[in-house]
Each structure stands twice: as structure tokens, then as C-alpha cells.
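Survey of secondary and tertiary structure
Residues per chain are reported as follows:
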Amino acid sequence: MEFPEVQAFEASDSEQDAADELARLIEALGTTAPFVMTSAHGDTLVSSLKGVTLTVTPPPGATQQWASELGSSIHRSGADVVVAVGGGRLLDLAKLAAARAGLTIIAVPTQLSHDGICSPVAVVPNEAGVRQSLGAIAPRFVYLSIPTLMGATVASVRAGMGDLIANPLALRDWALAAERGLTDMDQRAWDLSAESFELIKPHLTDDPATLSRDPVFVRRLGDALVMSGLSMIASGSSRPASGGEHEISHALDLLFGSPTLHGAQVAFGCVFSAALYGEDVPAFRRQLVRLGLPQHPGQLGLDHEDVVRLLLAAPDTRPGRFTVLEQADLDEQGAANLVKRIWAGD
Ligand SMILES: [Zn+2]
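Residues numbered from 1 in each chain as written. Predicted model: local features only at pLDDT ≥ 70, side-chain atom pairs only at ≥ 80, totals over all residues. Heavy atoms only, no water.

1. Regarding the coordination of the zinc ion
As a reminder of what qualifies: Each metal's donors are the N, O and S atoms within 2.8 Å of it, or within 3.2 Å when it is Na, K or Ca, and because water is not part of the set, sites may look incomplete. Tetrahedral means four donors with every angle between 85 and 135 degrees, whereas square planar (four donors) and octahedral (six donors) require angles over 155 degrees between opposite donors and between 65 and 115 for all others; sites fitting neither are termed irregular. What counts as a helix is a DSSP run of H or I of at least four residues, what counts as a strand is a run of E of at least two, and both are numbered from the N terminus.
Note on the zinc ion: its protein donors are Asp163 (OD), Asp163 (OD), His246 (NE2) and His262 (NE2). The metal-donor distances range over 2.1 to 2.7 Å. One can describe the donor arrangement at the zinc ion as irregular, given that its 4 donor atoms subtend angles of 51 to 142° at the metal. Coordination of the zinc ion draws on donor residues from a single chain, spaced D-x82-H-x15-H in sequence. With a gap of 83 residues between them, Asp163 in helix H5 (residues 154-179) and His246 in helix H9 (residues 244-256) connect regions that are remote in the sequence.

Have a look at this one:
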């Protein structure tokens, strides 16, 4: 297991300075022929790179097959590294393509919407358009350009926080599975996941719109998401950062076509885990309201029957994983009762 190197550029608020620094870093890694995958948001950051073999922007709806075919072109291009500059969707496509090409990847996120920035997992749609989590190679290097990340949307910051809110619940699910002898625990992975949540915990009562304009917080959110990804690398599985709440998010992808950003879906999924663990659900929901994250089915265009379907489908999204959802083993009536209990007053 090798941890990626992480470096942040925060010396100035100029994205061009960050781009120059990125070009220097890539040369210092001994790579001379980068293959660049970038979104429109990454144009400035890639402008100083030297020796670029090819630059590609993924089309909307790019699939696993697209990534795999791209992997072959990358291989043929003679590139010695993949530099991926963009949001979560782009980084995940790049991880798959790089794995296919047998190359390492340098991840340069332009927004901080989930902890896949630095994880060994790629979430990419299949040919039917359903997002699936696939094993891939974690990046070799992560570059956080704070001037770039300051330009990201508030929605992405909300979602990034949503993905981290899952960690304490995912850890409880992990312990639950370990108690039953279904998996091993790994203290280092556990601590990384717990610490990543601790980094953002003091900000859960702040306004994400204000936070998204604070360079110190943006750096902190980047560090937290990277750390959460490291916990998955350390454990060799997504368990430390992905429990029942992620199964709910996967079921949202599968049944309802991904109604919102991954991190926001995960935050919504946390409501069920919190309820099943006997947490103070109204307080938890108020916290999500403050953060501007979905905490009511209506915000995702779902009615109560949809949510029952969601709860029944969630465990099958991750066969072999044991979480509080599998422990609850809800039938239709049980799911309906849970939904009623959570949203009784609404
Ligand atoms: Zn996640």
C-alpha cells in the first residue's frame, strides 16, 4: 500500500501561479509526457504543462466503456502519466482510463464534492447510465490548487461536507461487521476516517456559502477529503468511509437516476443510519438543513413509497457488506414504519 503525495498551492490567489507550480511538480516527478484529461474549469491549470501528448475533455455521459477505450489511446500516445484536472466525475473517469493504460495518475480537483479525489475507487456510469463503484488505482499525487478551488460552487462544498458526515456512521457500520467476524478492523484506517470528520466538525454550524469563500476552510476541506480517501487506501476497502448511507446513495443512483450530487445523496442516506442507530434524528436533520443538504424525500423528488423502495433496494447495492441497514433487515412494513417515524411531523 502506497499513500499518494499531497501538495497544496496557496501561496497566492493567482491560478496562473498555481499552474506554473503544477508544471514544475510534474517535471520534478520525472515525468515528461503527460496525457491530460481536463474540464473547462481546468484550462488555466493545464496551460503551463510541457510535453503534453494529448488533451481530452470527457463528453457528457461518458461511460466505463469510454474510459476503457480512452485507456487504449493513452497507451498508444506514449504518455508516461495521466494528469486529470476537473471535478469528481472527470477524476473517476481518469482513474479508470489510467488503470487501463497502466499509468499512474496525478489528480488535480477543481472542486471538493466527495472523497473520491484520492481513493482507489472510481464511480463511473455503465452503458445504461447507472453509476457504479469500481476498483481502480489511487492517484500517485494530489494537487490542491486553492485559487481554483475557491471558484467552485457552494453546492460542491455542501456535497463534500455531506460525504464526510457519513464517516462516523460508516465507522459504526464497519465495527458492526467486524463484531460479526465479517471483516477485519484496521486502526490506521479507522483513525484517518475519524480524523477527516473531525477536521470539518467545527464547521457544521457554519454557512457553507461563507465557508466556500474562506481559503483556510477550502484547504481544510481538501485535506479532510484526501484523508478520507487515504482511510480507504489503508484498509483496502471503502468500508471506513462508506456504510449504509452509501448503499442508500447507490440505490438512488440505481432507481432514481442520481437525483443530486453524490455527497448530497450520502447526507440524505445518513438520516436513515442515524435513525437506525437511535440518534436524535430531528437534530441531525436540522444540521443538514443548516448545511443546505437534503434531509427530506421531497427535496429529491421522492414520495414516501419511493423511499420504502429505496430502503428495500439499498442492501442489494453492496452484496457482502454488512451495515446497520442489513442489521435492521427491513421488510416492506418495517421500511414504511421507519419512514413514518423519521418524517412523522412533516
Ligand atoms: Zn462517498
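2. Side note on the environment of Glu10
Note the following rule: Residue exposure (1.4 Å probe, protein chains only): buried if accessible area is under 20% of the type maximum, exposed if over 50%, otherwise partly exposed. The definition of a polar contact used here is a pair of N or O atoms within 3.5 Å, where within protein one atom must be able to donate a hydrogen and the other to accept one, and adjacent residues in sequence count solely through side-chain atom pairs.
Inspection of the secondary structure assignment puts Glu10 in the loop between strand E1 (5-9) and helix H1 (15-28). Judged by its relative accessible area of 44%, Glu10 is partly exposed. A distance of 2.5 Å separates a polar atom in the side chain of Glu10 from a polar atom in the side chain of Arg219.

3. A word on the nonpolar core
Where we set the bar: In this description, a nonpolar core means a group of buried Ala, Val, Leu, Ile, Met, Phe, Trp, Tyr and Cys residues linked to one another through side-chain atoms lying within 4.5 Å. For the purposes of this description, domain bounds are those given by an automatic or database domain assignment. By definition in these notes, contact holds between two residues if any of their heavy atoms fall within 4.5 Å.
Of all hydrophobic cores here, the largest spans 92 residues; its most connected members are Ile74, Met161, Ile165, Leu221, Ile248 and Phe272. When we break this core down by domain, the ones giving at least three residues each are domain 1 (5-149) and domain 2 (154-342). Not counting chain neighbours up to four residues away, the residues in contact with Phe272 comprise Ile248, Val307, Leu311, Leu338, Ile342 and Trp343. Judged by nonpolar contacts, the second largest core, of 18 residues, contains Leu22, Val36, Val46 and Val108.

4. Focus on the layout of surface pockets
Note the threshold: The definitions used throughout rest on a 1 Å grid laid over the protein atoms alone, on which a cavity is an enclosed set of points accommodating a 1.4 Å probe that cannot get out and a pocket is an open set flanked by protein within 12 Å on both sides along at least five of seven lines; lining residues are those having an atom within 4 Å of a point. Grid points are joined across faces, edges and corners, and a volume is the space filled by probe spheres set on the points. As a working rule, the residues Ala, Val, Leu, Ile, Met, Phe, Trp, Tyr, Cys and Pro are called nonpolar, Asp, Glu, Lys and Arg charged, and the rest polar, with Gly in that last group.
Of the pockets and cavities examined, the largest pocket occupies roughly 820 Å³. Taken together, 39 residues form the lining of the largest pocket, with Gly87, Gly88, Arg89, Ser113 and His114 sitting closest to its centre. If you list the elements that add at least two residues to the lining of the largest pocket, you get helix H3 (88-101), strand E6 (121-125), strand E7 (131-135) and H9. Looking at the lining of the largest pocket residue by residue, the class counts come to 9 nonpolar, 22 polar and 8 charged. Per-domain counts for the lining of the largest pocket show at least three residues from each of domain 1 (5-149) and domain 2 (154-342). The space that makes up the second largest pocket amounts to roughly 270 Å³. For the lining of the second largest pocket, the elements supplying multiple residues, two or more each, are H5 and helix H11 (281-291). Ranked by the residues each element gives to the lining of the second largest pocket, the list is headed by H5, at 4 residues.

5. Notes on the pattern of salt bridges
Pairs may arise between side chains of opposite charge once their charged atoms sit close together. Where we set the bar: We define a salt bridge as a contact between a side-chain nitrogen of Lys or Arg and a carboxyl oxygen of Asp or Glu at a distance within 4 Å.
Under the definition given, this model contains 8 salt bridges. Here Glu10 and Arg219 are joined by a salt bridge, their closest N and O atoms 2.5 Å apart. Taken as a pair, Glu10 in the loop between E1 and H1 and Arg219 in helix H8 (residues 215-235) lie far apart in primary sequence, 209 residues in all. We classify Arg219 as partly exposed; its relative accessible area is 25%. With a shortest N-O distance of 2.7 Å, Arg24 and Glu21 are connected by a salt bridge. Note that Arg24 and Glu21 are positioned in helix H1 at a spacing of 3 residues, about one turn of the helix.

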